[in-house]
Amino acid sequence: MTDVYRSLAGIVGEDYVSAEAEEIYFYARDAGLMPAGKPDYIVVPKSTAEVQNIVILANKQKIPIVPLGGSMALSGLTIPHRGGIVIDMKRMRSILTVNENARHVVVEGGISQGALYSYLNKNYPHLQHNIPEAPPATTVAASVVIHGQGRLTQQYGYTSDLVSGMEVVLPTGEICKIGSCSMSPGWFSKGATLPDLSSLFFGWAGTTGIITKLGIKLFPRKKMRVVETFVRDRAKLVPDILFNLTHTEVLEDILGGSQSGIHFDPPMLKGYHYITMYYSGDTDDEMEFKRKMIWDSLVEFRKSKDGGFMWIPPTIKPGLLETPQKWVTRTLADEKKGGGFTYTGPIVLIEKYPVFARKIEEVGAKYDVAYAGLMRVVGRNHAMMYGSGFPFNRADPDLMERVRTALHEMNEFSLDQGGIPWKADVEEQKMAMERMDPNTLKLMKTIKHVLDPNGIMNPGNWEVP
Ligand SMILES: Cc1cc2nc3c(=O)[nH]c(=O)nc-3n(C[C@H](O)[C@H](O)[C@H](O)COP(=O)(O)OP(=O)(O)OC[C@H]3O[C@@H](n4cnc5c(N)ncnc54)[C@H](O)[C@@H]3O)c2cc1C
């Protein structure tokens, strides 16, 4: 037993530290395509004080630290590229307070999306958070860290936009409050009118600190929620359709895409570009008012036969209304069996939908891989996440290599189209930094050095050359 192991056991207790081969194997990889990287230790802390003591120990001894939620970002963000200590946050899963009137909740930094959803569903069914379609075991804090998107992103923005306060353990071990909670008992704003420090922790892939507590804004959840699907066979008019739809300001969420080589629900959407939209209301009148606005907004496309609303069979509808939509994991991510799925999801202008849809079709055919082009509208047509998803079987190295090449080609294409990589893996981060304004890079380097002088936090990620 090493001194480090003994110290870690002293902090979290014998049962919550491991250097066993099985656990090392498990925490060395994720479901994506990045090569494995062996951690030396895994710890599962229960409190902010424990996280702080682990960080102080690691900083003193210059040992890398990797914060981990559900490890489902799929782009190697929790793979310990330089070994060290993986801090699995899952035991920090308490819901601390709900302010029903101010519509926010304060949670610990390891709570899963599923746990928060279930809690709200049971105790505050009229409130909701920005839940993604990701597996329920993924964490709310990680969704904040990587600018995740969920069912409220079209209305309110990325999950990171919806933070209302944070407690963070800095790489040097200080515990720091961010937002209104830094000077008030209220966790109602991540910045309010103060200098806003929250962005120091968003988009940095856990390289600037560990979120141990988190305030998250909640939004009204109405009694009825409906899904409608508009389809067309050509990608060209999709941006105009989305423009009209977002102009109504009555939709909660807009998803869309096209896919091939994948068992498709509903099957009749195969070969089409589909736009799936959600709206909700408390009364039949409200629902009818919204439905009419949405249908009217697309009247020109309906009349010209440039698309139409599609009847969704009752066998399919519940799946599209599920939270999260399990078919995404079941049908898409697990299509090839054998536990492999990856997707790159740049944030890009919606006017680029047709070229992305064409490109993924071309790449799918070129490398003979199944693909899904998945789009989620961000804001009122301000941008979209265009995901190029590729399922693969880990027992098929040839398929894995073809998927890797296809993904790389989509990443390069996206950068050429002005896309900003989302939850970028190390390779994409390097590609992005090659294109970044040098003064932006210099600022990033300065910030990172000030916060993490010993470079211990999730090293390999966002390392400015
Ligand atoms: C089928 C499927 C569907 C998906 N759909 C969506 C979707 O609709 N929307 C979406 O946004 N994503 C989606 N994803 C991607 C991904 O699962 C989510 O983005 C999810 O939020 C990742 O959470 P995680 O807990 O697994 O993160 P992890 O992979 O564990 O961590 C991600 C990053 O956050 C850091 N981190 C984790 N916890 C902390 C902390 N407490 N403090 C500081 N840093 C931390 C890690 O170091 C890492 O850099 C999907 C994935 C799959 C497989």
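Placed above this text is the structure.
Residues numbered from 1 in each chain as written. Predicted model: local features only at pLDDT ≥ 70, side-chain atom pairs only at ≥ 80, totals over all residues. Heavy atoms only, no water.

Asks: Quick one: what's the story with the overall build of the protein, residue by residue and with numbers?
Replies: Counting secondary structure elements, the protein contains 15 helices and 19 strands. In terms of overall dimensions, the protein is globule-like: its C-alpha atoms have a radius of gyration of 22 Å, near the 23 Å expected for 465 residues. Residues counted as buried form 58% of the 465 residues belonging to the protein. Between the averaged position of the 51 positive side-chain charges in the protein and that of its 52 negative side-chain charges there is a distance of 2 Å. (Helix = DSSP H or I, 4+ residues; strand = E, 2+ residues; numbered from the N terminus. Rg over C-alpha atoms; globule rule 2.2 N^0.38 Å. Buried < 20%, exposed > 50% of the residue type's maximum accessible area, 1.4 Å probe, protein only. Lys, Arg positive; Asp, Glu negative; His and termini not counted. Charge placed at Lys NZ, Arg CZ, Asp CG, Glu CD.)

Asks: Explain the packing of helix α1 (residues 3-12) against helix α3 (residues 48-61) to me, using residue names and the numbers behind them.
Replies: In the contact formed by α1 and α3, the axes pass within 9 Å of each other and the chain directions differ by 160°. When the axis of α1 is compared with that of α3, the two are roughly antiparallel. The crossing of α1 and α3 is right-handed. Facing α1, whose interface residues are Val-4, Ser-7, Leu-8, Ile-11 and Val-12, α3 presents Glu-50, Asn-53, Ile-54, Leu-57 and Gln-61. Classifying every residue of the contact of α1 with α3 gives 6 nonpolar, 3 polar and 1 charged. (Axes fitted to C-alpha atoms, helices over the stretch in contact; angles between N-to-C directions. Parallel < 35°, antiparallel > 145°, perpendicular 65-115°, else oblique. Left-handed = near helix turned anticlockwise from the far one by under 90°. Contact = heavy atoms within 4.5 Å. Nonpolar A, V, L, I, M, F, W, Y, C, P; charged D, E, K, R; others polar.)

Asks: A description of the packing of helix α12 (residues 353-367) against helix α13 (residues 397-416) should follow, citing residues and the corresponding values.
Replies: Look at α12 against α13: their axes get within 10 Å of each other, and the N-to-C directions meet at 155°. Of the possible angle classes, the one that applies to α12 and α13 is roughly antiparallel. Every pair of crossing elements has a handedness; the one defined by α12 and α13 is right-handed. Here Val-355, Phe-356, Lys-359, Ile-360, Glu-362, Val-363, Lys-366 and Tyr-367 of α12 lie close against α13, whose contacting residues are Arg-402, Thr-405, Ala-406, Glu-409, Met-410, Phe-413 and Ser-414. Class assignment of the residues belonging to the contact of α12 with α13 gives a composition of 8 nonpolar, 2 polar and 5 charged.

Asks: Before we move on, could you go through the site of the ligand and cite the residues and values that matter?
Replies: In the region of the ligand, 37 residues are neighbours, and Pro-67, Gly-70, Ser-71, Met-72 and Gln-149 sit closest. Separating a nitrogen atom of the ligand from a backbone N or O atom of Ala-134 is a distance of 3.3 Å. Where the shell around the ligand is concerned, the elements lending two or more residues are β3 (65-68), α5 (140-145), β10 (210-217) and α11 (326-333). If you tally residues by element for the shell around the ligand, the top one is α5, at 4 residues. (Near = heavy atom within 4 Å. Polar contact = N/O pair within 3.5 Å; in protein donor to acceptor, adjacent residues only side chain to side chain.)

Asks: Hey, could you go over unusual backbone geometry for me, with residue numbers and the actual values?
Replies: Cis geometry marks the peptide bond from Thr-323 to Pro-324, where omega comes out at -15°. Here Pro-324 shows up in the loop between α10 (317-321) and α11. Although it is not a glycine, His-147 adopts a positive phi angle of roughly 55°.

Asks: I'd like to hear about the environment of Glu-249, residue by residue, with values.
Replies: Here Glu-249 shows up in the loop between α7 (238-247) and β13 (253-260). Assessed through its relative accessible area of 53%, Glu-249 is described here as exposed. Separated by 140 residues in sequence, Glu-249 and Gly-109 place their C-alpha atoms 32 Å apart. Within the structure, the side chain of Glu-249 is placed 2.8 Å from the side chain of Arg-380, a separation counted as a polar contact.

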